[in-house]
Amino acid sequence: MTTPETAPQGEPSPLLVERNGRVTTLTLNRPHLRNAMSTALLGRLDHEVRKLTDQGGETPGALVLTGAGGTFSSGADTREPDWRDLSRRAVRRAHFRTLFATLHEAPFPVVAAVEGYALGGGLELALACDLVVAGEGALFGLPELGVGAVPGGGAVHSLVRRAGRGVAARMLLIPGERVRADELARLGAVERTVPDGGALAEAQAVAASVAAGDPALLEAGVRLLRDSGHLDRTAALGVENGYWWQAASAANRDSPPPSGRL
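Right, let's walk through the structure included here. Keep in mind it's a predicted model, so treat the numbers as computed, not measured.

## Examining the pairing of strand 1 (residues 15-20)
Item 1. Where strand 1 lies against strand 2 (residues 23-28), 6 bridges are found, and the strand directions are antiparallel. Bridging from a neighbouring strand, asparagine 20 pairs with valine 23 of strand 2.
Item 2. From the end of strand 1 to the start of strand 2, which pair antiparallel, there are 2 residues, and glycine 21 there has a positive phi angle of about 65°.

## Remarks on the side chain of threonine 66
Item 1. Along the chain, threonine 66 falls in strand 3 (residues 62-67).
Item 2. Among residues more than four places away in sequence, those in contact with threonine 66 are Thr25, Leu26, Thr27, Leu28, Phe72, Ala113 and Leu200.

## Regarding the layout of surface pockets
Item 1. By volume, the largest pocket is sized at about 680 Å³.
Item 2. Lining the largest pocket are 22 residues, with His104, Leu127, Ala128, Ser158 and Arg161 positioned closest to its centre.
Item 3. Considering every element that reaches the lining of the largest pocket, the biggest residue donor is helix 4 (residues 155-163), with 5 residues.
Item 4. Residues of the lining of the largest pocket, tallied by class, amount to 7 nonpolar, 8 polar and 7 charged.

## Re the sheet that holds strand 4 (residues 110-114)
Item 1. Judged by pairing direction, the sheet is mixed, and its 6 strands sit side by side in the order 1-2-3-4-6-9 without closing on themselves. The sheet terminates laterally at strand 1 and strand 9 (192-194), the two strands that pair on one side only. For this sheet, the mean angle separating the axes of adjacent strands, direction not counted, is 20°.
Item 2. Of the strand pairs in this sheet, strand 3 and strand 4 are connected by 3 bridges, and their pairing is parallel. Following the sheet pairing, leucine 63 is matched in strand 4 by valine 110.
Item 3. With respect to the sheet, helix 1 (residues 39-53) is in contact with strand 1, strand 2 and strand 3, its orientation differing from that of strand 1 by roughly 20°.

Reading the values: the criteria
- Residues numbered from 1 in each chain as written.
- Predicted model: local features only at pLDDT ≥ 70, side-chain atom pairs only at ≥ 80, totals over all residues.
- Heavy atoms only, no water.
- Pairing = 2+ DSSP bridges.
- Helix = DSSP H or I, 4+ residues; strand = E, 2+ residues; numbered from the N terminus.
- Contact = heavy atoms within 4.5 Å.
- 1 Å grid on protein atoms, 1.4 Å probe; cavity = no way out; pocket = protein on both sides within 12 Å on 5 of 7 lines; lining within 4 Å.
- Points joined across faces, edges and corners; volume = space filled by probe spheres on them.
- Nonpolar A, V, L, I, M, F, W, Y, C, P; charged D, E, K, R; others polar.
- Axes fitted to C-alpha atoms, helices over the stretch in contact; angles between N-to-C directions.

Right, dumping it as structure tokens:
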């Protein structure tokens, strides 16, 4: 079932929702603008992820984010009439930060299905997901310096951590630099590549496989993944211990964890 968000009469919805079993797919649906993300679309995307998070027993097992028309997203919509107005840009920035925080807190894994371009905020959205599946020829880049901005959604940090400083420097500093998905896969910033045109089907298959697991264990697993990556070993082991007991307690509610026990 596809559920459109509110849109002006006669215009297609900029965000499509598809539910198939325990997998939900959200599709950015502005292909004529390479799925550039307007302020309104960012708000709707955040709202939809929050709705999925708040469904209690109906929470999906996994979420897939993708774009219509053969491209993921070209980033923030610089065609908005007020793009240069600093106060309105601050509003868009707040929407981006809220969305990324919502994705980080979601109790289910999020998989990006990337074709075509993932640029600027589009790249940041992809890297905010737990797994990235991409067509091997998909192109990733950070054009912000050329449009009077700098990346603000964590892409540089993620690229340095996942692929190395060199590729982050290329994408950020060299005008027009684009890096193919197959190169980012070799470096570790993309988890899986497939022939062009197959990213969505593969991402949904991965999501379905993941979603088949125990929900409590799945939530503990994704939270462990997100919370421990930036920590030193001692702190990371403490986080792992906490999530181990959370999962164990979910399996046996009558046996709360003794303090400090491994």
